[in-house]
Amino acid sequence: MEIKGSTVLVTGANRGIGRSFVEAFHRAGAARIYAAARNVGAVADLVSREPERIFPVLLDITDSSLVRGAAKWCGDVNVLVNNAGISHMSSLIGVENLDAAREEMAVNYFGTLAMVRAFASILAANGGGAILNVLTLGGLVSFPLAGSYCASKAASHLMTQSIRAELASQGTLVTGIYPGAVDTDMAAHTTVPKEPPSVVVEAGLKAIAEGIEDVFPGKAAAETWAGLLTDPKRVEKQRAQIFPSK
């Protein structure tokens, strides 16, 4: 679809990949961009660049009333970027409780699904449009140090496939983008090579423009995906070696 002249909503727009998406859509000529965040003050500088095109939206995707409010106010959206997410870098067995896993699932899976459910009919009414879900390679092959985060993104990966099938008849493009480590606050604790957010964002805009459903931005993502296609057990074991043994 044509990005120039489109109306876009980006969740988690206050920093990292989300902020980069807002900036990229602005450069690409989107007519209206809704920058959604739990704290609208955190997107004030983005809005100030062109208040006639960039609008703040108060949104916590785990809050059903705020999701409904966003859908009511942003009824002209034809591109939805589900970027909001959380990671506690928590393993699955060696933790005291499941609080981290529950919160990651609430945000990364249920929150994303709530946004899709709220905006599916809006996209249909506006010609079909596109949904871009920001996922991760960890949703395809686990990184055990962040096992609960990976599990939540694996759920979102299968959800992406399911909504793609459900929304096909209304002409909605559903794209999943699967980066490796990205240089954001969320990955600040990791020492592996990281891609800048711009690599993810440029690949995402290209996918929307060209109708691409699965995107693996950057060298690490492309190589890992190739490995999963040829020898998935080898990739799994490589990732398991990063987990410290006792």
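Quick note: structure is the one above.
Description of the structure in this document. Since the model is a prediction, treat every value here as computed from it, not as a measurement.

Quick look at the overall build of the chain
At step 1: Of regular secondary structure, the chain possesses 8 helices and 7 strands.
At step 2: Overall, the chain is about 55 × 35 × 30 Å in size when its C-alpha atoms are taken along their principal axes.
At step 3: In the chain, which comprises 246 residues, the proportion classed as buried is 48%.
At step 4: Sequence-distant contacts in the chain: of pairs separated by 6 or more residues, those separated by 24 or more amount to 67%.

Examining the packing of helix α3 (residues 64-73) against helix α4 (residues 99-125)
At step 1: Where α3 contacts α4, the axes come no closer than 10 Å and their chain directions differ by 20 degrees. It follows from the interaxial angle that α3 and α4 lie roughly parallel. The chirality of how α3 crosses α4 is right-handed. Residues Val67, Ala70 and Ala71 of α3 form the contact with α4, whose own contacting residues are Ala114, Met115, Ala118, Phe119 and Ile122.
At step 2: Partitioned by chemical class, the residues of the contact of α3 with α4 number 8 nonpolar, no polar and no charged.

Observations concerning the side chain of Arg53
At step 1: Locating Arg53 in the fold gives a position in the loop between α2 (44-49) and β3 (54-58).
At step 2: At 2.8 Å, the side chain of Arg53 forms a polar contact with the backbone oxygen of His26.
At step 3: Sequence-distant contacts of Arg53, that is, excluding residues within four places in its chain, are made with Phe25, His26, Gly29, Ala30, Ala31, Arg32 and Ile33.

Section: helix α6 (residues 197-210)
At step 1: Between its terminal C-alpha atoms α6 stretches 20 Å, which fits the 20 Å expected from 14 residues at 1.5 Å a residue.
At step 2: Residues of α6 that are buried: Pro197, Val200, Val201, Ala203, Gly204, Leu205, Ala207 and Ile208.
At step 3: Phi for Gly211, located one or two positions after α6, is positive at around 75 degrees.

Points about the nonpolar core
At step 1: With 31 residues, the main nonpolar core has Val10, Phe21, Val22, Phe25 and Val81 as its most contacted residues.
At step 2: If we ignore the near neighbours within four places in the chain, the residues touching Phe25 are Ile3, Val8, Val10, Ala30, Ile33, Arg53, Val79, Val81, Leu205 and Ile208.
At step 3: Leu9, Ala71, Leu80 and Ile86 belong to the second largest nonpolar core, which has 30 residues in total.

Considerations on the side chain of Thr172
At step 1: The topology assignment puts Thr172 in the loop between α5 (147-167) and β6 (173-177).
At step 2: Thr172 sits in the buried class, given a relative accessible area of 6%.
At step 3: Within the local environment of Thr172, its side chain forms a polar contact with the side chain of Gln170, the two groups lying 2.7 Å apart.
At step 4: With residues up to four places along the chain from it excluded, the contact list for Thr172 reads Leu123, Gly128, Gly129, Ala130, Ile131 and Leu167.

A few points about the packing of aromatic side chains
At step 1: As enumerated under the stated definition, the model contains 6 aromatic pairs in all.
At step 2: An aromatic cluster of at least three residues, connected via ring pairs, comprises Tyr34, Phe55 and Trp73.

Considering the pattern of salt bridges
At step 1: Applying the stated criterion across every chain yields a total of 9 salt bridges.
At step 2: The salt bridge partner of Asp76 is Arg32, with a shortest N-O separation of 3.4 Å. Of this pair, Asp76 sits in the loop between α3 and β4 (79-82) while Arg32 sits in strand β2 (residues 32-37); the two residues are 44 residues apart in sequence, bridging distant segments of the chain.
At step 3: Here Asp214 and Arg164 are joined by a salt bridge, their closest N and O atoms 3.7 Å apart. Within this pair, whereas Asp214 is found in strand β7 (residues 214-215), its partner Arg164 is found in helix α5, the two being separated by 50 residues in sequence.
At step 4: Among the charged side chains, a network of salt bridges with common partners joins Arg164, Glu213 and Asp214.

Rules behind the numbers
Residues numbered from 1 in each chain as written. Predicted model: local features only at pLDDT ≥ 70, side-chain atom pairs only at ≥ 80, totals over all residues. Heavy atoms only, no water. Helix = DSSP H or I, 4+ residues; strand = E, 2+ residues; numbered from the N terminus. Buried < 20%, exposed > 50% of the residue type's maximum accessible area, 1.4 Å probe, protein only. Contact = heavy atoms within 4.5 Å. Axes fitted to C-alpha atoms, helices over the stretch in contact; angles between N-to-C directions. Parallel < 35°, antiparallel > 145°, perpendicular 65-115°, else oblique. Left-handed = near helix turned anticlockwise from the far one by under 90°. Nonpolar A, V, L, I, M, F, W, Y, C, P; charged D, E, K, R; others polar. Polar contact = N/O pair within 3.5 Å; in protein donor to acceptor, adjacent residues only side chain to side chain. Expected span 1.5 Å × (residues − 1). Core = buried A, V, L, I, M, F, W, Y, C linked by side-chain atoms within 4.5 Å. Phe/Tyr/Trp six-rings, centres within 6.5 Å; stacked < 30°, edge-to-face > 60°. Salt bridge = Lys/Arg side-chain N within 4 Å of Asp/Glu carboxyl O.

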